[in-house]
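This is what each chain is made of:
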Amino acid sequence: MTPDEIVAAMPFAAGLGIRLETAGPDETVAVLPWSDAHTTAGGLLHGGALMALADTAGAVCAFLGLPPGARTATTESGTHLFRAVAGSAVRATARPVHAGRTQVVVQTDLTDDRGRLVARTTQTQAVIPG
């Protein structure tokens, strides 16, 4: 599947406007363009939008490393938010920390347009056999 086809298969991510720059089992990079529709009353990017971006990038990274026919689902996710985002796209870089038979753990770093760390998410993905 191409990165565009992967996003198209995830209607929620597609609706947010997330796009994949690269997609692979060793590293997946996704971008959430800036949109006023994703902000809080204060004009800052909503934390839920950041977490959705991280979950999307992490899930794609985990999925692409699965055996043929297997699926994955997030079973745990923790996000540390380090700085507010205003007027900037956010880039998520996801890399596996552990890829086992029953679970995959992925760490995703989110950065703003200036390359500053905005948030870090660690998530666990269950491996669901085909």
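Quick caveat: nothing in here was measured; it's all calculated off a predicted structure. (Residues numbered from 1 in each chain as written. Predicted model: local features only at pLDDT ≥ 70, side-chain atom pairs only at ≥ 80, totals over all residues. Heavy atoms only, no water.)

### Quick look at the overall build of the protein chain
Stage number 1. Along the protein chain, the regular secondary structure elements total three helices and six strands.
Stage number 2. When the helices and strands of the protein chain are read in sequence order from the N terminus, they spell out α-α-β-β-α-β-β-β-β.
Stage number 3. What you see for the protein chain is a C-alpha radius of gyration of 14 Å, in line with the 14 Å of a compact globule of 130 residues.
Stage number 4. For the protein chain, the residues scored as buried account for 40% of the 130 residues in total.
Stage number 5. Within the protein chain, residue pairs in contact and separated by at least 24 positions form 58% of the contacts whose partners lie at least 6 positions apart.
Stage number 6. A total accessible area of about 6,700 Å² is found for the protein chain, and carbon and sulfur atoms account for 54% of it.
Stage number 7. Here the protein chain contributes 9 positive and 11 negative side-chain charges, whose respective centroids are spaced 5 Å apart. (Helix = DSSP H or I, 4+ residues; strand = E, 2+ residues; numbered from the N terminus. Rg over C-alpha atoms; globule rule 2.2 N^0.38 Å. Buried < 20%, exposed > 50% of the residue type's maximum accessible area, 1.4 Å probe, protein only. Contact = heavy atoms within 4.5 Å. Areas by Shrake-Rupley, 256 points an atom, 1.4 Å probe, with all protein chains shown as cover. Lys, Arg positive; Asp, Glu negative; His and termini not counted. Charge placed at Lys NZ, Arg CZ, Asp CG, Glu CD.)

### Focus on the sheet that holds strand E3 (residues 71-81)
Stage number 1. Spatial strand order, E1-E2-E4-E5-E6-E3: six strands in an open sheet with antiparallel pairing. The strands lining the two open edges of the sheet, one partner per strand, are strand E1 (19-22) and E3. Strand-to-strand twist in this sheet, taken as the mean axis angle between neighbours without regard to direction, amounts to 25°.
Stage number 2. Pairing analysis gives nine bridges linking strand E5 (residues 103-111) to strand E6 (residues 117-128), with the strands arranged antiparallel. If you follow Val106 over to E6, its bridge partner there is Gln123.
Stage number 3. Across the sheet, helix H3 (residues 47-64) lies against E1, strand E2 (28-32), E3, strand E4 (90-99), E5 and E6, angled at about 135° from E5, the strand it touches most. (Pairing = 2+ DSSP bridges. Axes fitted to C-alpha atoms, helices over the stretch in contact; angles between N-to-C directions.)

### Description of the side chain of Gln123
Stage number 1. For Gln123, the position within the fold is in strand E6.
Stage number 2. Under the relative-accessibility criterion, Gln123 is labelled buried at 0%.
Stage number 3. A distance of 2.5 Å separates a polar atom in the side chain of Gln123 from a polar atom in the side chain of Gln125.
Stage number 4. Among residues more than four places away in sequence, those in contact with Gln123 are Ala54, Asp55, Gly58, Ala59, Thr74, Glu76, Ser77, Val104, Val105, Val106 and Thr108. (Polar contact = N/O pair within 3.5 Å; in protein donor to acceptor, adjacent residues only side chain to side chain.)

### Observations concerning the nonpolar core
Stage number 1. Ranked by size, the top nonpolar core spans 30 residues in total, and within it Ile18, Leu32, Leu45, Leu53, Val90 and Leu110 carry the most contacts.
Stage number 2. When residues of this core are traced back to their parent elements, those giving at least two are helix H1 (3-8), helix H2 (11-16), E2, H3, E4, E5 and E6.
Stage number 3. Among the elements that make up this core, the one with the highest residue count is H3 (nine residues).
Stage number 4. If near-sequence neighbours (up to four positions away) are discounted, Leu110 is found in contact with Leu50, Leu53, Ala54, Val90, Arg91, Ala92, Arg116, Leu117, Val118, Ala119 and Thr121. (Core = buried A, V, L, I, M, F, W, Y, C linked by side-chain atoms within 4.5 Å.)

### Focus: H3
Stage number 1. Compared with an ideal rise of 1.5 Å per residue, which puts 18 residues at 26 Å, H3 spans 26 Å between its outermost C-alpha atoms and is within 8% of the ideal.
Stage number 2. Of all 18 residues that make up H3, 13 are buried, and the element is covered over most of its length. (Expected span 1.5 Å × (residues − 1).)

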